[in-house]
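# Descriptive structure summary
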Amino acid sequence: MTDENKPAPMKEFLDKFFDLCKEYQQKIPPNKMAEVLRDYADRLD
């Protein structure tokens, strides 16, 4: 695979992230997922 055909790191991350969200959306309510993401973002600051 050439460099031109490799997915950009951000796109690859988002694709994997959304796949993970889809996998768990039936088990974890979206508001709880959002709460976890907000907590994570706060920890990064």
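Before any of the text, the structure's been laid out above.
Parameters and conventions
- Residues numbered from 1 in each chain as written.
- Predicted model: local features only at pLDDT ≥ 70, side-chain atom pairs only at ≥ 80, totals over all residues.
- Heavy atoms only, no water.
- Helix = DSSP H or I, 4+ residues; strand = E, 2+ residues; numbered from the N terminus.
- Buried < 20%, exposed > 50% of the residue type's maximum accessible area, 1.4 Å probe, protein only.
- Areas by Shrake-Rupley, 256 points an atom, 1.4 Å probe, with all protein chains shown as cover.
- Patch = residues over 30% accessible without salt bridge, like charges linked within 9 Å, V, L, I, M, F, W, Y side chains within 5 Å.
- Salt bridge = Lys/Arg side-chain N within 4 Å of Asp/Glu carboxyl O.
- Phe/Tyr/Trp six-rings, centres within 6.5 Å; stacked < 30°, edge-to-face > 60°.
- 1 Å grid on protein atoms, 1.4 Å probe; cavity = no way out; pocket = protein on both sides within 12 Å on 5 of 7 lines; lining within 4 Å.
- Points joined across faces, edges and corners; volume = space filled by probe spheres on them.

## Re the overall build of the protein
Across its full length, the protein carries 2 helices and 0 strands. Out of the 45 residues in the protein, the part that is buried amounts to 4%. Summing over all exposed atoms, the protein offers an accessible surface of approximately 4,500 Å²; the carbon and sulfur share of this is 58%.

## Re a nonpolar patch on the surface
Judged by side-chain polarity, Met10, Phe13, Leu14 and Phe18 come together as a nonpolar surface patch covering roughly 410 Å² of accessible area. By secondary structure assignment, the location of Phe18 is in helix H1 (residues 9–24).

## A look at the pattern of salt bridges
The tally for this structure, following the rule as stated, stands at 3 salt bridges. Salt-bridge contacts for Glu12 lead to Lys16; the nearest nitrogen and oxygen are separated by 3.4 Å. Placement of the pair is Glu12 and Lys16 together in helix H1, with a separation of 4 residues, close to one helical turn.

## What to know about the packing of aromatic side chains
Considering all chains together, one arrives at 2 aromatic pairs under this definition. In textbook terms, an aromatic cluster arises when at least three aromatic residues are bridged by ring pairs, as seen for Phe13, Phe17 and Phe18.

## Focus: the layout of surface pockets
There is about 210 Å³ of room inside the largest pocket. Put simply, the parts of the chain that give the lining of the largest pocket at least two residues each are H1 and helix H2 (30–44). Of the residues forming the lining of the largest pocket, the biggest block, 4 residues, is contributed by H1.

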